[in-house]
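Chain and residue survey
Chain residues, written in single-letter form:
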Amino acid sequence: MKEQLNALRERALAELADLEQPKELEEFRVRLLGKKGEVTALLRGMGALPAEDRPAMGQLINQLRNELENALDAKEQEITSRLKEQRLLAERLDVTLPGKAADEGGLHPLNIVLADLIDIFQSMGFDVVDGPEVETEHYCFEALNVPKDHPARDMQDTFYLAENLLLRTQTSAAQIRTMEQRKPPIRMICPGRVFRADEVDATHSPVFHQVEGLVVDKGITMCDLKGVLEQFAHEIYGSDTKVRFRPSFFPFTEPSVEVDVSCSACGGKGCRVCKGNGWIEILGAGMVHPRVLAGCGIDPEVYSGFAFGIGLDRLTTTRYKISDIRLLFENDKRFLDQF
Amino acid sequence: MLCSGEELCLKEADYPGAEEYGILILKEDVPTGTDMREILHLNDVIIDFSITSNRPDCQSVLGIAREVAVALKREFRAPTPVYQTAGGDIHDHIAITVQDYDLCPRYMGRIVRNLRIAPSPDWMKDCLRAAGMRPINNIVDITNFVMLETGHPMHAFDLRDIAGNQIIVRRAADGEPITTLDGKDHVLNSDMLVIADAEAPSCLAGIMGGLNSEIKDDTTDLLFECAKFRRDSVRRTARALGMRTESSARFEKGVDTRGTEYAMNRALQLIAELDAGDIIDGVIDCHEELAEDRVLRVTADSITALLGVKIPTDAIVDILNRLEIRTVLEGDTLVCTVPSFRDDIEGRADLAEEVMRVYGYDHIVATPMTGSIIRGKKLPERIHTDLLKSTLIAQGMREISTYSFISSKAPDTLNLAADDARRNAVTLINPLGEEYSTMRTQLVSSMLTVLSTNHNRKNTAVRFFEVSKLFVPHALPLTEQPDEIPALALGLYGDGEDFFTLKGIVETLLERFALRVEFTRSEEPYLHPGRQAAVVAGGEVIGVFGEVHPDTADTYDLGVRTYVAQLTLAPLFAAVEKKHTLYKPLPRFPAVERDLALLCDEELPVAEIERTIRSAGGHLLESVKLFDVYQGAQIAAGKKSVAFSLYFRGADATLTDADIDPALKKIFDRLQEKGCTLRT
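Residues numbered from 1 in each chain as written. Chains lettered and ligands numbered in written order. Predicted model: local features only at pLDDT ≥ 70, side-chain atom pairs only at ≥ 80, totals over all residues. Heavy atoms only, no water.

The next thing to look at is the overall build of chain A. Looking only at helices and strands, chain A has 12 helices and 10 strands in total. Since a compact globule built from 339 residues should have a radius of gyration of about 20 Å, the 42 Å found for chain A marks it as more spread out than a globular shape. Across its three principal directions, the C-alpha atoms of chain A cover 130 × 45 × 40 Å. A buried classification covers 52% of the 339 residues belonging to chain A. Counting contacts in chain A only where the partners sit at least 6 residues apart, residues at least 24 apart contribute 65% of the total. Per element, the accessible surface of chain A, about 16100 Å² overall, is 51% carbon and sulfur. (Helix = DSSP H or I, 4+ residues; strand = E, 2+ residues; numbered from the N terminus. Rg over C-alpha atoms; globule rule 2.2 N^0.38 Å. Buried < 20%, exposed > 50% of the residue type's maximum accessible area, 1.4 Å probe, protein only. Contact = heavy atoms within 4.5 Å. Areas by Shrake-Rupley, 256 points an atom, 1.4 Å probe, with all protein chains shown as cover.)

Spelled out as structure tokens, the structure:
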């Protein structure tokens, strides 16, 4: 009987070593250890042994059974891990193949830049307001100290819709609406679409966009204006950007200034971008004209303020080095996808 | 190189012999190899100034010189006009009457006789040419020279052509004609100021002289005019007649009433200097009382308070005086007398600017904003628009931007009916052209144009959106501001895009804004009649979407199935205002799924079946999901098969058949009423 056991052990272990597939292993397990398996048959055959031999023999058979079970488990693990390795190897990819990206959407470049501006000014306490695009002469001109037939109206060729109605030529109209509706302290920007009768070319569009800014409070000075614009310039053009005021004229501000920033391409040394003078004109600004304040019921002896107007399209074309403003309104997907 | 004078665009006055036929022969004494610019006196330095419209006083050499003197801290010296007169009396030759002082506050006349008309000396010709003017003869040149030097336009009349020896400054009669010296005929109206003689207008005041009274080669006696005309009057007249001259440009911006005297004297001095005629004694100077120089009283502190820069008071006084704003200090008050040529100076803000621009803007130090305001707010509409855009972008949509005005033919391209409300559009009075002439009442045509551009440039698939305004007039012709209605356009084409991808985008958006809507069949002429739907919220159509009609696609040269939508945004914004998100506990028990395959009439909308299931399903029915719609071999003609998965779930137990069967029974009953049968 012992010899029989040893023979079985040897044969089983030898056979096991040759197995490769999980299915073969399972069949083998059933053949040895199943209900009708060889080891089970040995246990059953113990009935034929003398009673005194049975315990020792039982022990031996159980020993063999455990031994074979362990060997089977080990073999199973070996096969599983080998198969897994094979699978992983077979599943190797060319990782340089292109990804499967969904087509990404996005904002129009003008609105990407606008979002930045809103963020900058909102963090400085500016409310973001809106105004109508069809304006009356009162809001677009008269209340901004540009009376009828004033030469300042020559500066902008206006699209008229009716006797007194026009497409606003500047977001400054929103200054008046804001000051009429709210009392100081006022800190607002008004982004919006504006219109001027300019023929379309690489740098002109009859439809373009401005961001108007207005601050009115007690004790507001030109230094505050410079402070706000410097903050804006640092955020947009980099923190070492310098800001320069040059005298200018707008009917609704006094003093009025053109605002230049040091050229970020050459750091102010002079290059092609800044046409050699080291500065780039970015916006017009000034202290709100006392007559404009008074017209809105704000006492210019008590309050002062400043206003500025940023050309969003220009800011966008310079930021992205877009050579032709018409691209902004053509909306070619290959253009839009770049932003 | 051999050239004719004509080839070099030269006139006789530029170089003798320039107008002769053939090669221009230079004078004998010109050495060979001399730069032609030297010979023609074209090598002067020309400085271009950009003059802001508040500074008409700087539209002259003297005005600029005054500024330069201030900037360089140098003395400003203007020529002192002195000349000899030849006796006589102006009143023997001319009478001048101003009828309309409101348009002509000052009119001054002088007579010069025995004219000796000749070319001007080279120095004067060079100056005129450098300023872009063509030398004519000494008389005309003097008027132009004085205008450039002093900023005061001058005019010279041939005295013999002034009928009745009378000058009358008056409004034209309606329909009165004039031929200006450029040979053009104009018909005038009573809003226009003319300089007339006893019979007819002789000159358009401040704009251009008349052909009949211009200075001719044989003119012997002249009348010099130097006047101040109201700028808005000149501007209106010049605009109305489509004229713009050096003279009108200056009057439009503003000419100093007091400076006329200086300009006139300067012209006479030049007459004497060039020996161009004999100056008759006497001046006729018509004006109402001339305004005194204005006196402004401000404190130095009020100036520096606006600037935020401490400028010593004596520096302020010094700067203002150098600018010829005569300033003295009385206590701490600056008493400033503003010269007449600076009528832009009205108060302390103007004085502050004068002081600062001379003192130097570099002295302005940036200070950070202070005050009680911490963080700015956005208007709700802007917040909602941001949400709208981010929702669309998350679905792979690109934002576009198009003009607010479109072609007046846009409604035709969309086949809109003759009585369609969208044809009631606001039009521009002065558009750049027909294609930009109408404020849009819909965003679809702009979207189709952009889609077409992209398709024709071989962009194979696009998803676009635009958020913009519709301009809807209350009445036409326009009497008040139109409504500006925020709206959204969607447009897409490409592989895999169909009616339902567009609908999916619309649904996602509506869900994001918590707006409950129904989709019903719609009848937009520019959309496929069987593939379009209206978005209905609270009984009101808030938008439409669908596949573009083949005819419209042809109009826009879109050789691909294209899908567009337009929604008005106010209902979405209103809905999202009410949206209040609260956490719902996650389910603790599994849902039980029952599939339902139905056979029904093919015309029965699936949405109606779904609505029926939901309303009959009771509170245990959690969700209903369509998973198949089929028509074909196994289905009778005129019928369709529709299959749903129904999910039931209990809040506190796993449901059994006994729980669900009553609900299913009720659903079957209701569906039977709709003509649905169960497929087995």
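From this point, the narrative continues.
What follows concerns the sheet that holds strand 22 (residues 527-537) of chain B. All names here are of chain B. The strand order across the open sheet built from seven strands is 16-19-20-24-23-22-21, with neighbouring strands paired in mixed fashion. Either end of the sheet is taken by a strand with one partner, and the two such strands are strand 16 (398-399) and strand 21 (518-521). Pairing geometry for strand 20 (residues 483-493) and strand 24 (residues 562-568), over seven bridges, is antiparallel. Within strand 24, the position partnered with Leu 490 by the bridge is Ala 565. Docked against the sheet, helix 13 (residues 444-456) engages strand 19 (462-472), strand 20, strand 23 (540-548) and strand 24, running at close to 150° with respect to strand 19. (Pairing = 2+ DSSP bridges. Axes fitted to C-alpha atoms, helices over the stretch in contact; angles between N-to-C directions.)

With that settled, consider helix 4 (residues 54-90) of chain A. All names here are of chain A. For helix 4, spanning 37 residues, the distance from its first C-alpha to its last is 53 Å, which sits close to the expected 54 Å at 1.5 Å a residue. Along helix 4, the residues classified as buried are Met 57, Gly 58, Ile 61, Leu 64, Leu 68, Ala 71, Leu 72, Lys 75 and Ile 79. Looking at the buried positions of helix 4, the neighbouring elements they touch are helix 1 (2-18), helix 2 (22-33) and helix 3 (38-44). (Expected span 1.5 Å × (residues − 1).)

All right, on to a nonpolar patch on the surface then. Residue and element names in this part refer to chain B. A cluster of nonpolar residues, Val 45, Ile 47, Phe 49 and Ile 51, forms a patch on the protein surface that exposes about 410 Å² of accessible area. Summarising the element assignment, Ile 47 is placed in the loop between helix 1 (36-39) and helix 2 (61-72). Taking the relative accessible area as the measure of exposure, Ile 47 reaches 58% and is therefore exposed. (Patch = residues over 30% accessible without salt bridge, like charges linked within 9 Å, V, L, I, M, F, W, Y side chains within 5 Å. Salt bridge = Lys/Arg side-chain N within 4 Å of Asp/Glu carboxyl O.)

With that settled, the discussion passes to the confidence of the model for chain B. Mean pLDDT for chain B: 93, with 100% of residues reaching 70 or above. Predicted complex, confidence summary: ipTM 0.84, pTM 0.83. (pLDDT = per-residue confidence, 0-100.)

Moving on to the side chain of Glu 225 of chain B. All names here are of chain B. Topologically, Glu 225 is positioned in strand 10 (residues 222-228). Salt bridges are absent for the buried Glu 225, whose nearest opposite-charge side chain, Arg 106, sits at 12 Å. Reaching out from Glu 225, the side chain makes a polar contact with the side chain of Tyr 107 at a distance of 2.6 Å. Those residues in contact with Glu 225 that lie beyond four places of it in its chain are Tyr 107, Met 108, Pro 153, Met 154, His 155, Phe 157, Ile 195 and Met 264. (Lys, Arg positive; Asp, Glu negative; His and termini not counted. Polar contact = N/O pair within 3.5 Å; in protein donor to acceptor, adjacent residues only side chain to side chain.)

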